[in-house]
Amino acid sequence: MENTEASKKNKKLAVILGIVAISFYLGFVLMHSF
Amino acid sequence: MSTLAHDTHHDHDHKPTGLKRWFFSTNHKDIGTLYLIFALAMFFVGGSMAMIIRAELFQPGLQFVNPQFYNSMVTVHALVMIFGAVMPAGVGLANWMIPLMIGAPDMALPRMNNMSFWILPFAFALLLSTLFMEGGGPAGGWTMYPPLVLQTGNAFPFLIFAVHFLGISSIMGAINIIATVFNMRAPGMTLMKMPLFVWTWVITSFLLIASLPVLAGGVTMLLTDKYFGTSFFDAAGGGDPVLFQHIFWFFGHPEVYILALPAFGIVSQIIPAFARKPLFGYSSMVYATASIAILSFFVWAHHMFTVGLPIKGELFFMYATMLIAVPTGVKVFNWIATMWKGSMTFETPMLFSIAFVILFTIGGFSGLMLGITPVDFQYHDTYFVVAHFHYVLLTGAVFALMAAVYYWLPKWTGYMYDERLGKIHFWLSLISSNVLFFPQHFLGLAGMPRRIPDYNIQFADFNMISSIGGFAYGITQLLFVYIVIKCALGGKKAKALVWEGAKGLEWSVPSPAPFHTFETPPKLTKAMLEH
């Protein structure tokens, strides 16, 4: 896919949602680690 | 409805050929097809395991398999059906239909879409390979409760990595759906004009992103408990085995709605089409779906009433569980109100949808019974639970998926399926699934525990009836495969608008849907946005 404004917007949203998912994961493991 | 002008000059609809088309595909329709074929294959793999289970339970005593292998079958059947059949089938439908329904040219992140799919066969290769290992496959139940699951042999790390991969695949799929719906709708397709199927998938995607990392966290902790000396779930080291149950069901209950919400969306598309009436209470359907999703995060401990929770906690989870019946009831009433005084016809998709409404409601009611704390002490871990969740997941989710396949198959293949065979498939599935699962309510009430290969003689008759239903249901699904293959190979040509009462953008493109659609955003008319 070309690197258009639209695809940049899609990637930005995907990165944000990915960070949310990874923080849930790490948060859950770390929360129970201490 | 006439086909859109821009699609009529798609005779140069070039697409890659050979294996490359499928391995490197970034096309939402091809990836949707891959998901659906994979789900069907897994439906038969998980189904074969169910046949082994029902053959063993046909009579009391041990007939065919040893208890260890039986427990593996129970465990892997569940994992395969949930993560390999129902979820991928839903994602396949989402891939195929969401861009078509909102006027987008493809999914927002096509290469990630390809990766989401191709992780699945590798994850299942990991999981299913354990059945051939020394020590056998995982046998501690799909819930993977410690300390039992920590006794699994070589299969254990394979199970854990497979679950991680399945989670990663689903999260990537969910991110893709959210990005597609939020960023790629055609001008004029506002959120509250989207078809309900799209709405249910957006909400399901948020459920996936919020719940799957929790499962991944839980199974990572299992892995470190077994191999790296941690004691998350080991009381001897200061941990708590019940903690895993909390973590698992914090994922597990939303997971139930991850399986059910897309089914609600499918039925909300099909019933208005065959009742020839707009969906009753569209906005209340959207809010009810969102309410169910939010509430699903506050009811997890109703799966754990017997572990010894404080009484106030048990009461909280009981009332919260009862509360979910309210938005679910709204949905059921809306489907019935949509049919009320409609000009109904009963083609196969409609038959499966009506059966879904009735049978899912039966499964919902038995769920309410299980949600009553004092009563659950009697039902817990009995066949009543098995009957309950199979009503929700088989005569619920799977029936809706079957309805969806019959509804959209002409759009995918360009040919009409054999309606007479479709109806035979429906009636045989309906009768056999009820013969299979209804007696299990009685077995559970009489006290037969789940996950056992042998049982007391008093349970023999109902088990025999249930097994006969199981075999009949299994054989009937071969007819489904025949109908789908026959339709893919040819038959009566399908029009763009396959069903006269159907509304929505997907019916504005020719059948079969061209390889590329909506490369320029469609101009939406009022008729296209009607629900």
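Here, the structure is the one placed above.
Rules used in this analysis
Residues numbered from 1 in each chain as written. Chains lettered and ligands numbered in written order. Predicted model: local features only at pLDDT ≥ 70, side-chain atom pairs only at ≥ 80, totals over all residues. Heavy atoms only, no water. Helix = DSSP H or I, 4+ residues; strand = E, 2+ residues; numbered from the N terminus. Rg over C-alpha atoms; globule rule 2.2 N^0.38 Å. Buried < 20%, exposed > 50% of the residue type's maximum accessible area, 1.4 Å probe, protein only. Areas by Shrake-Rupley, 256 points an atom, 1.4 Å probe, with all protein chains shown as cover. Contact = heavy atoms within 4.5 Å. Polar contact = N/O pair within 3.5 Å; in protein donor to acceptor, adjacent residues only side chain to side chain. Buried area = accessible area lost by both parts, 1.4 Å probe. Salt bridge = Lys/Arg side-chain N within 4 Å of Asp/Glu carboxyl O. Nonpolar A, V, L, I, M, F, W, Y, C, P; charged D, E, K, R; others polar. Core = buried A, V, L, I, M, F, W, Y, C linked by side-chain atoms within 4.5 Å. Phe/Tyr/Trp six-rings, centres within 6.5 Å; stacked < 30°, edge-to-face > 60°. Lys NZ or Arg CZ within 6 Å of the ring centre and 35° of its normal.

*Asks:* Residues and numbers for the overall build of chain B, please.
*Replies:* When its secondary structure is counted, chain B shows 15 helices and zero strands. For a compact globule of 531 residues, the expected C-alpha radius of gyration is about 24 Å, and chain B comes in at 23 Å, within 12% of that figure. Considering only C-alpha atoms, chain B reaches an extent of 70 × 50 × 45 Å along its principal axes. Per-residue burial for chain B yields a buried fraction of 62% across its 531 residues.

*Asks:* Talk me through the overall build of chain A; I want residue IDs and the actual numbers.
*Replies:* Secondary structure summary: chain A contains one helix and zero strands in total. Looking at the 34 residues of chain A, the share that counts as buried comes to 26%. Split by element, the accessible area of chain A, about 2,500 Å² in all, is 73% carbon and sulfur.

*Asks:* Can you explain the environment of S433(B)? Please cite residues and give values.
*Replies:* Residues and elements named next belong to chain B. Relative to the helices and strands, S433 is located in helix α14 (residues 419-445). Residue class for S433 comes out buried when judged on its relative accessible area of 0%. Through-space distance from the C-alpha of S433 to that of S466 is 8.9 Å; in sequence the pair is 33 residues apart. With near-sequence residues (within four places) excluded, S433 lies in contact with L394, T395, F399, F438 and Y473. A distance of 3.2 Å separates a polar atom in the side chain of S433 from the backbone oxygen of L430.

*Asks:* Describe the interface of chain A and chain B, naming the residues involved and giving the relevant values.
*Replies:* On the chain B side, the residues contacting the 16 residues of chain A number 26 residues. Here chain A and chain B share an interface that buries about 1,700 Å² over both sides, 77% of which is from carbon and sulfur atoms. Summed over the shared surface of chain A and chain B, the number is zero salt bridges. One can count three residue pairs in polar contact (both at pLDDT 80 or more) joining chain A with chain B. Within the side of chain A that touches chain B, the residues separate by chemical class into 10 nonpolar, four polar and two charged.

*Asks:* Residue-level account of the nonpolar core, with values.
*Replies:* All names here are of chain B. Grouped together as the largest cluster of nonpolar side chains are 193 residues, with contacts concentrated most on F83, M144, W335 and W408. Of all the elements, helix α4 (residues 67-102) adds the most residues to this core, at 23 residues. For W335, the residues in contact, after removing those within four places along its chain, are F264, V267, S268, I271, L279, M285, F356 and V357.

*Asks:* Tell me about the packing of aromatic side chains, and name the residues and values.
*Replies:* All names here are of chain B. Counted by the stated rule, this structure contains 46 aromatic pairs over all chains. Judged by centre distance (6.2 Å) and plane angle (45 degrees), the rings of F232 and F233 are tilted. You can call F233 buried: its relative accessible area is 3%. An angle of 5 degrees between the planes, with centres 6.4 Å apart, marks the rings of Y407 and W499 as stacked. Linking Y407 in helix α13 (residues 383-413) with W499 in the segment after α15 (460-489), this pair joins segments that are 92 residues apart in sequence. The exposure class of W499 is buried, given its relative accessible area of 6%. The ring of F156 has K226 lying over it, and the distance from NZ or CZ to the ring centre is 5.6 Å.

*Asks:* Could you give an account of the pattern of salt bridges, naming the residues involved and the relevant values?
*Replies:* Residues and elements named next belong to chain B. Applying the stated criterion across every chain, the model contains five salt bridges over all chains. The shortest N-O distance in the salt bridge between R276 and E500 comes to 2.7 Å. Placement of the pair is R276 in the loop between α8 (241-275) and α9 (282-295) and E500 in the segment after α15, with a sequence separation of 224 residues. Here R276 falls in the partly exposed class, since its relative accessible area comes to 28%. For E500, a relative accessible area of 62% puts it in the exposed group. Here D381 ties to R450 by a salt bridge, and the two come within 3.7 Å at their closest N and O atoms. Of this pair, D381 sits in the loop between α12 (373-379) and α13 while R450 sits in the loop between α14 and α15, placing them 69 residues apart in sequence. According to the relative accessible area criterion, D381 is partly exposed, its value standing at 36%.

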